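Structural characterization, general
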Amino acid sequence: MIEKGVTEGMNRFYFLLKASMLFWGLSLMGGLIFGIAPAFLALMDVIGEVDWDHKELSFAKMKPLFRENFKRGNQLMYSSLSILIFLFLSLYTASQMTGMLFLMIDFLLVVLLIMVSVASLMGFVVSSRYEISLNNLIKLSLILLFKEIKASLAIVVLLVVLIVMTIKLPAITFFVGSGIMAYFLNNLGEKIEKSLVLE
């Protein structure tokens, strides 16, 4: 029983390791700057199909999905990133000021940073499951941010865990972090999809 559990744990770790390596390989195909988002969407799509079977996880299976998601992935990533950079710079500027008003502005900006981060990842979940325009994708992501409170909180917890892992165990995060995030978001997407269908 213990041996079976250890074997399964090792297989799952290898799955996450392989998934992350494929992600970085595909990201390099896009010159890293334009490769991260489509590679992540491709990874999410494949993880939804293979269900922990590392033998089914392959570069050949992910490459066409990478090309298919290239434009949408970069649109989603850089529209979100531009908002996040603007909010972060605003927070940095406001934090240099003193007074109760600026303290309230700091708090509001931190909340907005968290909300945009969660909505962005929700956008990846939606994009991996539905063929919709970018405008509708952004609208649906914002709706789900408030409608699926448990899912939004789960994403916040995931981000905190990955940030702590990056600080404490950067090598482990590099080798399995993207696999963990893709699996988690794909799983979350299945639950959200079921709840939307039931309603």
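Each remark here, short or long, concerns the structure printed above.
Bear in mind the structure is a predicted one, so any value in this text is a computation, not a measurement. (Residues numbered from 1 in each chain as written. Predicted model: local features only at pLDDT ≥ 70, side-chain atom pairs only at ≥ 80, totals over all residues. Heavy atoms only, no water.)

1. Things to note about the overall build of the protein
Along its length, the protein carries eight helices and zero strands. Sequence-ordered secondary structure for the protein, helices as α and strands as β, is α-α-α-α-α-α-α-α. Its C-alpha atoms give the protein a radius of gyration of 18 Å, within 12% of the compact-globule value 16 Å for 199 residues. Along the three orthogonal principal directions, the C-alpha set of the protein runs to about 60 × 40 × 40 Å. For the protein, the proportion of its 199 residues judged to be buried stands at 39%. Considering only contacts within the protein whose residues lie at least 6 apart along the sequence, 72% involve residues at least 24 apart. As displayed, the protein has an accessible area near 11,700 Å², and 73% of this comes from carbon and sulfur atoms. (Helix = DSSP H or I, 4+ residues; strand = E, 2+ residues; numbered from the N terminus. Rg over C-alpha atoms; globule rule 2.2 N^0.38 Å. Buried < 20%, exposed > 50% of the residue type's maximum accessible area, 1.4 Å probe, protein only. Contact = heavy atoms within 4.5 Å. Areas by Shrake-Rupley, 256 points an atom, 1.4 Å probe, with all protein chains shown as cover.)

2. Overview of the packing of helix α4 (residues 70-95) against helix α5 (residues 100-127)
Closest axis-to-axis distance for the α4/α5 pair is 9 Å, and the angle between their directions is 170 degrees. Comparing the axis directions of α4 and α5 gives the class roughly antiparallel. Of the residues that constitute the contact of α4 with α5, the class distribution is 16 nonpolar, seven polar and two charged. (Axes fitted to C-alpha atoms, helices over the stretch in contact; angles between N-to-C directions. Parallel < 35°, antiparallel > 145°, perpendicular 65-115°, else oblique. Nonpolar A, V, L, I, M, F, W, Y, C, P; charged D, E, K, R; others polar.)

As far as function goes, none of this settles anything; it's purely spatial.
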